[in-house]
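As a plain string of letters, each chain reads:
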Amino acid sequence: MSELLLELLSEEIPARMQLRAAEDLKRLVVDGLKSRGLEVGDARAYSTPRRLTLVIDDVPHGSPAISEEKKGPRVGAPEQAVQGFLKSAGLASVEDVTIVKDEKKGDYYVAKIEKPGRAAPEIIAETVTDVAAKFPWPKSMRWGASPFQWVRPLQSVLCLLAGKVVLFEINGIASGQETRGHRFLGSGPFKVKNFADYEEKLSSHHVMLDPAKRVAVISTQAHALAKEAKLELVEDEALLAENAGLTEWPVVLMGSFEKAFLEVPGEVLTTSMKTHQKCFSLREPRSKKLANKFLLVSNLVAKDGGAEIVSGNDKVIRARLSDAKFFWEQDLKHPLGEMAGKLADITFHEKLGSQKDRVERIEQLAFELAGACDAVPEDARRAAGLCKADLVSEMVGEFPELQGLMGRYYAEHVGTKPEIARAIELHYKPKGPTDAVPRADQGDAVAIAVALADKLDTLVGFWAIGEKPTGSGDPYQLRRAALGVIRIVLENDLRLDLLRIMARAVEPIIPNLIAVNKGQIESYRAYPNVPAHAGYYDLAQRLEIENRRLLDYPPGERVRRMKEISSDLLSFFADRLKVFLKDQGQRHDLIDAVFSLGGQDDLALIVKRVEALDAFLKTDDGTNLLAGVKRAANILSIEEKKDKKSYAGSYDLALLKEKEETALAAAIEAVKQDTTSAIQVENFAGAMRALSELRAPVDAFFDKILVNADDKKIRENRLRLLSEIRAATATVADFSKISG
């Protein structure tokens, strides 16, 4: 067994592509070797700004010889089929195959294929050149006259197996055993023997091969410099990784800027330095206020200790912060209300109107949601009216990631109520599965109302125009919006009638939909009425039908259309809730069992019901009752199918002769009342305790009673009694949806 070492050296690879490229190289080469019969051991991939490196252990000397049989068509099959089989097997004529006798299915051809083993260098050369030719760079380039593409011009290829060069070429570059170190600190090409020698010599030529080591070095140096200056590093894992991808021999240095820039919000300064210069911010440990110093990561060990590098970065940072300060001062001249008026010039979506149209919808929805969130309705309306205003500001135009935050600063600057200012910032939350949500117990009731209104308007709007997520894409991030609604509702224990709210949210969208549809209809009708354009006329007709429905013709169609959109969107919420609760450890079948009851649109209530059902099913009573209910359902299903009739409905008390029948009937009636009463007061644990009273009579019934009695009336009555078991449990959940 031998070690394979591969390095592809090029001009600078963008930092964002390096880690993915290293993993792709490992995956593609290992898979390629194995598909060619070369089973290899562990593989490790590394990346620096100039190189991708792969080392594979336990590479055998070659692939084994293979002997296999390939079954072909039957004897007497069409000549075309026989010739195709021979070609696929690499054989010249039927004389080279064997005929296998088969009395049942008929005789058929079998080809015996012998594949000799191949030497490892041959397989490696073929695999690497194939991978290089098809490498999945997000963006690549060509240079010279060659059609070969790589992320940046390729400079050299190193490939060693057991210390010996594996010979091949990539774009005219022959593989060898030489590489280079740091572009400026290295001392020219050098030869290597194996991976250990390679890594050691790279280090001596100022290249840290492992990205994780570069990250650790940057972090250690940054924290040390911050501590020395009695400051604290503003942690940023993404920036740390990016700097590791920009340097082969990182050296952290400290720069500074004028204190006058600290009048600008700290987040603006941090964002500007990070975006434009990849620099880290520093802050005061106690106050957490930004300091007028920053850290930069150099790729050089300068003779002057980095003084010239720091001076150059100070100048660039000063220019960047001057721009940010200018944007801040200009924006302060225009109140948020004035900015909000300019939203009419920004299109949100062709079919959903401008950002101003959208803000007006969010205003009304936030006002209506305020009561459920314990927010002041007028505050919610005001916050919603201003929540998108900063989109037209100079600052957000330069740094879109600051939207919401800048709106809060601009609102605070003119003395806006704190709850409203915070709502402007927080209404975008949560921005991801790990992001915090606005919390009522932290005084964010107004933010909750606006955040829900914003996300529900987005969901309802795109559902209304048919722009739903697909298996392959979610360009409007509707799954994230739905998850945001779910988390806000559950983490604040809000009680929302989602169907009613969503139907209400659809209503203000309808006029815009009608206008857009009308414009499309006129456009389609403008085509000449010829067969070639029949498709346009079909589209126009469908849009006319949709518009008639939206215009409430015939009467009631508008409401029905709104309910269709809301019901479809509720199903989407159910799917998202299943994903969310599954991540929390809940069973998805229990969610199905609760949603199947119909009319379940109160997310907080659904979760409480699921949790109570889960706890009940973990008890002996729950497990046995589930088995009994499923047994009853199976019997009913079989007998109803056989008799071609349903046995749902009340039973005849006079036909209950056995004590087990009467006991079960009495228990069913008691459980119906008890579960209904418990559910009405949202006592789901109590409803489950009531259900447990069914276990003993159900067990006794199946132990002692023959359901399919000879007497037809008795049999039918007992089947109706079984249907009542199903009906009694259906007040809590649809037990047929529960596995087990």
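Residues numbered from 1 in each chain as written. Predicted model: local features only at pLDDT ≥ 70, side-chain atom pairs only at ≥ 80, totals over all residues. Heavy atoms only, no water.

**Overview of the packing of aromatic side chains**
Summed over all chains, the structure comprises 15 aromatic pairs. Seen from their ring centres, Trp143 and Phe148 are 6.0 Å apart, and the 85° between their planes marks the pair as edge-to-face. In this structure Trp143 comes out as partly exposed when scored by relative accessible area, which is 22%. Note on Phe701 and Phe702: the rings are 5.6 Å apart at their centroids and 80° apart in plane angle, and the pair reads as edge-to-face. Among the residues examined, Phe702 registers a relative accessible area of 10% and is labelled buried. Within the aromatic cluster, the residues linked to one another by ring pairs are Phe135, Trp137, Trp143, Phe148 and Trp150. Above the ring of Phe195, the side-chain terminus of Arg44 is found at 5.4 Å from the ring centroid. (Phe/Tyr/Trp six-rings, centres within 6.5 Å; stacked < 30°, edge-to-face > 60°. Buried < 20%, exposed > 50% of the residue type's maximum accessible area, 1.4 Å probe, protein only. Lys NZ or Arg CZ within 6 Å of the ring centre and 35° of its normal.)

**Let's talk about the sheet that holds strand 6 (residues 108–115)**
The sheet built from three strands is open, its strands ordered 4-6-5 with antiparallel pairing. For this open sheet the edge positions go to strand 4 (66–74) and strand 5 (98–100), each flanked by a neighbour on one side alone. Strand-to-strand, the axes of this sheet are offset by a mean angle of 35°, without reference to chain direction. Against the sheet, helix 2 (residues 79–89) engages strand 4 and strand 6, with an angle of about 170° to strand 4. (Pairing = 2+ DSSP bridges. Helix = DSSP H or I, 4+ residues; strand = E, 2+ residues; numbered from the N terminus. Axes fitted to C-alpha atoms, helices over the stretch in contact; angles between N-to-C directions. Contact = heavy atoms within 4.5 Å.)

**Considering the pattern of salt bridges**
Applying the stated criterion across every chain yields a total of 60 salt bridges. For Asp621, the salt bridge is made with Arg695, and the minimal N-O distance between the two is 2.8 Å. Pair noted here: Asp621 is in helix 23 (residues 620–643) and Arg695 is in helix 26 (residues 695–704), with a separation of 74 residues, a long-range link. Its relative accessible area of 29% is what places Asp621 among the partly exposed residues. On the basis of relative accessible area, Arg695 is assigned to the partly exposed category, the value being 24%. Linked by salt bridges that have partners in common, Arg36, Arg118, Glu122, Glu126, Asp130 and Lys134 make up one network. (Salt bridge = Lys/Arg side-chain N within 4 Å of Asp/Glu carboxyl O.)

**Observations concerning helix 20 (residues 557–583)**
The first and last C-alpha atoms of helix 20 sit 39 Å apart over 27 residues, in line with the 39 Å expected at 1.5 Å per residue. Positive backbone phi, approximately 95°, marks Gly585, located one or two places after helix 20. (Expected span 1.5 Å × (residues − 1).)

**Observations concerning the packing of helix 11 (residues 377–386) against helix 14 (residues 418–426)**
Viewed as axis vectors pointing N to C, helix 11 and helix 14 meet at an angle of 45°, and their least axial separation amounts to 9 Å. One finds that helix 11 runs oblique with respect to helix 14. Judged by the sense of rotation from one axis to the other, the crossing of helix 11 with helix 14 is right-handed. Mapping the contact onto sequence places Asp379, Arg382, Ala383 and Leu386 in helix 11 and Glu419, Ile420, Ala423 and Ile424 in helix 14. Class assignment of the residues belonging to the contact of helix 11 with helix 14 gives a composition of five nonpolar, no polar and three charged. (Parallel < 35°, antiparallel > 145°, perpendicular 65-115°, else oblique. Left-handed = near helix turned anticlockwise from the far one by under 90°. Nonpolar A, V, L, I, M, F, W, Y, C, P; charged D, E, K, R; others polar.)

**Describing the layout of surface pockets**
In this structure, the largest pocket encloses a volume near 520 Å³. Taken together, 20 residues form the lining of the largest pocket, with Tyr428, Asp454, Thr458, Gln477 and Arg480 sitting closest to its centre. Mapped onto the lining of the largest pocket, the elements with two or more residues apiece are helix 10 (355–369), helix 15 (445–464) and helix 16 (478–491). Sorting elements by how many residues they give to the lining of the largest pocket places helix 15 first, with four residues. Of the residues belonging to the lining of the largest pocket, the class tally is nine nonpolar, four polar and seven charged. Here the second largest pocket is characterised by a volume of approximately 360 Å³. The wall of the second largest pocket is formed by 15 residues, among which Glu267, Glu401, Leu402, Leu405 and Lys431 lie closest to the centre. Ranked by residue count, the leading element in the lining of the second largest pocket is helix 7 (residues 266–277), at five residues. Class assignment of the residues belonging to the lining of the second largest pocket gives a composition of three nonpolar, four polar and eight charged. (1 Å grid on protein atoms, 1.4 Å probe; cavity = no way out; pocket = protein on both sides within 12 Å on 5 of 7 lines; lining within 4 Å. Points joined across faces, edges and corners; volume = space filled by probe spheres on them.)

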